[in-house]
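As a plain string of letters, each chain reads:
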Amino acid sequence: MGTTFLPIASLTTGVADRDGWMAVLPGFALGIPYGLMIMSLYKKYPQKNLLQMTEMLLGKWVCKIIGVLYILIMSYFGGLLLGQIGDIYESSIMPRTPIEMFYLGGLLLVLYLARSGIEVFTRFTEVVFPLIVIALVLNMGLSIPRIEQGELMPILGQGIIPIILAGSKVTPFVMEYILFLAGILPFLPADKQEFTSLKKGVWLAVFLVGFMNTLVVLMQIVIFGPSETVNLVYGLLVLGKMVEVSRTIAGVESLFLGAWFGALVIKICAFFFVVLWSLESLFGLKGTKSHLVVGMIFMGVALNNKRGPGLVVEIGLVDNYLIFPFASLWILTIWTFSHWKKKVGVS
Amino acid sequence: MDVFSLEEESGCLMKSSRKKYMTGLMIFSLFLILSISGCWGKREVEDLAPLMGIGFDLGEKPGTYLVTQQYAKTKKGGNSGAETEERTLGAEASSVREAFDIVSKAAYRTPFMGSLKVIVIGEDVAKAGGFNNMLDFAQRFAEFRRSMYLVIARGKAEDVLNLKLRSEQLPALYIRSIIEGGHELSAFPMVRLGHYLTVLGTKSTAPILPVVEAVKDGDRIHYKAEKADEAGEIRIEGAGVLNGDQLVDFLNDEETKGYMWLEDDVFNRLINTVDLKESTVKFSGQVLKSNTRYKVKSDGENIGLNYQVRTSIAIDEVLGLDRQLSGSDWVELVKEAEESFAKVIQQECESAIKKQRELGFDFLGIGRHIEQRNPKYWKSLKERWKQEVSDFPVSFDVKVTVHHTGMSSSSATNSEGEGQD
């Protein structure tokens, strides 16, 4: 969820026009079968992450190839997201602050969380997540006076096909979450009762985030109209800038950006952890040195990449052409292979 | 309890308090990081010049614009810190950024765009077209907000912003106040930059902007002017219809009011039947509530749009009553008033439609209404919509309900035979 609510309206509306909001939940729903596939694999191979399962099912070398790809994609993507922190702040409220300060600030927090361990990270998300939801709800609620009449109509004016196509733009976002899930598995409880609540958690995560994102897209369409929704790089930030309470309160977007900063840190840290766990599984690398090396890679990607709309396009490309095919193929292959092995009785 | 379990318990407690400490420290660091980076580009509020209005006129050199910038300055010796005086500067440039650059060299404070309230587009720029290029800066640069208002000036925007108003207010703030009080009148559209861009995006609808003008003594308003032939008041009346960003024509007051009914943008309106020839008793009233819906109707062969206006009015004034009315007469008179008000509303709506047909530009958004109600039909129509705008069948169904007639059930009348001449 960390960054999805920033480009999602532009992506879905660009394909499905006024019906873009309808594509969000179906697009996210594809995450459920994949999440359940991972859960079923975890039930068979408790305390193992997906890379370790790959090694057990497909052998050492296939696992190494997939693992290296996994590390490369996650490192690059994490770096791009770090770059997005600077891009958002620089283009919206702090144009004079050197962009590197935002990268550094975000990275320091990520390093601190990674160093403190997964438990502190989850406690951090527990504290920040409600703030993100409150900020989003407030942002959208206070934008209601800006709604333009009739912008949502006609519903299904273009038919169902654009909605399906727009849904395919959303699915990579869920795959980001699924790839994190693939890495965090050994830290999850494995007893039967907890396992049921984990499965429920997958449903809840997908629907909660899907619902919030649907609201985000819906509000942007009814306020900006479809054409402007597509044009705006960070539509939600523009929405924040339009919030005015009487003539007294304006400029509250800075407060919203504080919550979004937390959301971005959560997402970057999730990928940071994934890279660390993968390095440990594949090459036995761990400790402060690996933290610093991964941090430098993230920083390097952020510093050497595009900014503004170019960065958003680059993130979209990685999502669509790397994360989505990689995650869907990998998980499906492992899951199918594990079932086939069970069927033919190979241990 | 043995020693080991006590140690274990105290270890757990230490671990849990350490976790709490770490979480607290982490959240603190989050805010610390944000505040540190914030100091970098800080600007003290005393060093900023809050921009209140911008005006665009054509420059003398081809391809240039005269960009007038109105800043607010705290009034020295004012009764409160909120009292401001104007500081208006203009620069001729080919881009708005360049104009700000020129003005900044003369200004002793840094312009702050976040406070901008009004953009005034001069008549010459509006007629020449192409002012979207000037608006690009306002929709792109992060300091601006899309909630600022857009107006077209009759004459030059520079003249409007340089007016010395009798109220001693800044013209930009005065215009903002008139617009924001506009719901009381519902006689002109309230157009923010965001709304303008949304309408532009629809392609089929022609944008419309309210018109601001300087008012001299005797121009339907009388006041004691300090200097003869110098305007001291500002008025918003009528609207300008645009084809993209080029002004096509102005709507008069009646046509603009018709637009407001059809756009379902009437909140409270003052309305009178003084100009209706067919009735001897005239009424004035205030619209309490109004709702306009539309239906795309088909009679088998033709498809047309039917507007349904439902309005609730309170009668404030009855003119031309020459006798005291009984209760039943009063009820009849109220029915007559409802019909008279409905006729006035219908006339205003018809004049807006007539203008739309004359111009051939869909400023009423009829194309969008068809798209909303009958997207299939719209698909077959949208390519030739420009040709169809002038002939598309439109009908009205206006119903007025008089909510109340004020504090009296009759009017003051002369005794029979007195004062009739």
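How each quantity is defined
- Residues numbered from 1 in each chain as written.
- Chains lettered and ligands numbered in written order.
- Predicted model: local features only at pLDDT ≥ 70, side-chain atom pairs only at ≥ 80, totals over all residues.
- Heavy atoms only, no water.
- Helix = DSSP H or I, 4+ residues; strand = E, 2+ residues; numbered from the N terminus.
- Rg over C-alpha atoms; globule rule 2.2 N^0.38 Å.
- Buried < 20%, exposed > 50% of the residue type's maximum accessible area, 1.4 Å probe, protein only.
- Contact = heavy atoms within 4.5 Å.
- Salt bridge = Lys/Arg side-chain N within 4 Å of Asp/Glu carboxyl O.
- Nonpolar A, V, L, I, M, F, W, Y, C, P; charged D, E, K, R; others polar.
- Patch = residues over 30% accessible without salt bridge, like charges linked within 9 Å, V, L, I, M, F, W, Y side chains within 5 Å.
- Areas by Shrake-Rupley, 256 points an atom, 1.4 Å probe, with all protein chains shown as cover.
- Lys, Arg positive; Asp, Glu negative; His and termini not counted.
- Charge placed at Lys NZ, Arg CZ, Asp CG, Glu CD.
- Expected span 1.5 Å × (residues − 1).
- Pairing = 2+ DSSP bridges.
- Phe/Tyr/Trp six-rings, centres within 6.5 Å; stacked < 30°, edge-to-face > 60°.
- Lys NZ or Arg CZ within 6 Å of the ring centre and 35° of its normal.
- pLDDT = per-residue confidence, 0-100.
- Domains from an automatic or database assignment.
- Buried area = accessible area lost by both parts, 1.4 Å probe.
- Polar contact = N/O pair within 3.5 Å; in protein donor to acceptor, adjacent residues only side chain to side chain.

## A closer look at the overall build of chain A
Summing up its helical and strand segments, chain A has 13 helices and 2 strands in all. Relative to the globule expectation of 20 Å for 347 residues, the C-alpha radius of gyration of chain A, 20 Å, shows essentially globular dimensions. Expressed as lengths along the three principal axes of its C-alpha atoms, the size of chain A is roughly 70 × 45 × 35 Å. The buried share of chain A, taken over its 347 residues, is 55%.

## As for unusual backbone geometry
The residue after A:Met153, namely A:Pro154, is reached through a cis peptide bond having omega 0°. Inspection of the secondary structure puts A:Pro154 in the loop between helix 7 (118-142) and helix 8 (161-184). At A:Asp17, a residue that is not glycine, the phi angle is positive and equals roughly 55°. Within the secondary structure layout, A:Asp17 lies in the loop between helix 1 (8-16) and helix 2 (24-29). In this structure A:Asp17 comes out as partly exposed when scored by relative accessible area, which is 28%. One non-glycine residue, B:Ser186, lies in the positive phi region at around 45°.

## Things to note about the interface of chain B and chain A
Listed as interface residues are 38 residues of chain B and, on the opposing side, 44 residues of chain A. Where chain B packs against chain A, one counts 1 salt bridge. Here A:Glu228 and B:Arg146 are joined by a salt bridge, their closest N and O atoms 2.7 Å apart. For the side of chain B that touches chain A, the element with the most residues is helix 1 (residues 3-40) of chain B, which contributes 14 residues. Its residues assigned to classes, the side of chain B that touches chain A comprises 13 nonpolar, 13 polar and 12 charged.

## So, a positive patch on the surface
On the surface, a cluster of positive charge is contributed by A:Lys43, A:Lys44, A:Lys192, A:Lys199 and A:Lys342. Going through the elements one at a time, helix 3 (31-44) and helix 9 (192-231) of chain A are the ones with two or more residues in the positive patch.

## Re the pattern of salt bridges
All names here are of chain B. Summed over the entire model, instances satisfying the criterion amount to 21 salt bridges over all chains. A salt bridge links Arg 269 to Glu 348; its shortest N-O distance comes to 3.2 Å. Remark: Glu 348 occurs in helix 9 (residues 327-359) and Arg 269 occurs in the loop between helix 8 (253-262) and strand 10 (270-272); sequence separation between them is 79 residues. As far as the burial class goes, Arg 269 and Glu 348 line up, both buried.

## A word on helix 9 of chain B
Residues lying three or four places apart along an α-helix face the same way, a consequence of the helix completing one turn every 3.6 residues. For helix 9 of chain B, with 33 residues, the first-to-last C-alpha span of 48 Å sits near the 48 Å given by 1.5 Å per residue. Phi for B:Gly360, located one or two positions after helix 9 of chain B, is positive at around 75°.

## Considering the pairing of strand 12 (residues 303-319) of chain B
All names here are of chain B. Of all 17 residues that make up strand 12, 13 are buried, and the element is covered over most of its length. Examined bridge by bridge, strand 11 (residues 282-298) and strand 12 share 16 bridges and lie antiparallel to one another. Bridged to Val 287 within strand 12 is Ile 313. Linkage of strand 11 to strand 12, two consecutive antiparallel strands, is achieved through a turn of 4 residues, within which Gly 300 is found at a positive phi near 100°. Where strand 12 and strand 13 (residues 394-404) come together, 10 bridges link them in parallel fashion. The residue of strand 13 that forms the bridge with Ile 313 is Val 402.

## A short note on the packing of aromatic side chains
Aromatic ring pairs are reported here in terms of the distance separating the ring centres and the angle at which the planes meet. Going through the model one piece at a time under the given rule, you end up with 26 aromatic pairs over all chains. Between the aromatic rings of A:Phe337 and A:Trp340, the centroid separation amounts to 5.5 Å while the plane-to-plane angle is 45°, which identifies the pairing as tilted. One end of the pair, A:Phe337, and the other, A:Trp340, are both in helix 13 (residues 309-344), 3 residues apart, so they sit about a helical turn from each other. Residue A:Phe337 is classed as partly exposed on the basis of its relative accessible area of 26%. Of the residues examined, A:Trp340 reaches a relative accessible area of 46% and is grouped as partly exposed. Taken together, the aromatic side chains of A:Phe121, A:Phe180, A:Phe187, A:Phe273 and A:Trp277 make up a single cluster linked through ring pairs. In this arrangement the basic side chain of B:Arg97 is found over the ring face of B:Phe141, its NZ or CZ atom lying 4.7 Å from the centre. One Lys or Arg, B:Arg154, reaches over the ring of B:Phe250 and ends 4.3 Å from the middle of that ring.

## A word on the confidence of the model for chain B
All names here are of chain B. Averaged over every residue, the pLDDT of chain B is 84; the share at 70 or more is 87%. Averaged over each element, pLDDT in chain B is lowest for helix 1 (61) and highest for strand 6 (residues 149-153) (95). Counted against residues more than four places away or in other chains, residues 1-6, with its pLDDT under 50, gives 2 contacts.

## A few points about the domain arrangement of chain B
Residue and element names in this part refer to chain B. Parsing chain B into structural domains produces domain 1 (42-251) and domain 2 (263-421). Taken over C-alpha atoms, the centre of domain 1 sits 33 Å from the centre of domain 2. Each partner contributes residues to the interface: domain 1 has 16 residues there, and domain 2 has 17 residues. Of the roughly 1400 Å² buried between domain 1 and domain 2 on both sides combined, carbon and sulfur atoms contribute 62%. Ranking the residues of domain 1 by area buried against domain 2 places His 183, Ser 186 and Ser 204 at the top, with a combined share of 31%. Where domain 1 touches domain 2, the interface holds 1 salt bridge. A salt bridge links Lys 355 to Asp 249, with the shortest nitrogen-to-oxygen separation between them at 3.0 Å. Summed over the shared surface of domain 1 and domain 2, the result is 6 residue pairs in polar contact (both at pLDDT 80 or more). For the side of domain 1 that touches domain 2, the secondary-structure elements that each account for two or more residues are strand 8 (233-243) and strand 9 (246-251). Broken down by element, the side of domain 1 that touches domain 2 gets its largest block of residues, 4 residues, from strand 9. Among the residues making up the side of domain 1 that touches domain 2, the classes are represented as 8 nonpolar, 6 polar and 2 charged.

## Regarding the pairing of strand 8 of chain B
All names here are of chain B. Among the 11 residues in strand 8, 10 count as buried, and that is most of the element. Relative to strand 8, strand 7 (residues 208-215) runs antiparallel, the two sharing 7 bridges. When the bridges of strand 8 are listed, Val 212 appears paired with Ile 236. Once strand 8 ends, the chain turns through 2 residues before running back antiparallel as strand 9, passing Gly 244 with a positive phi of about 70°.

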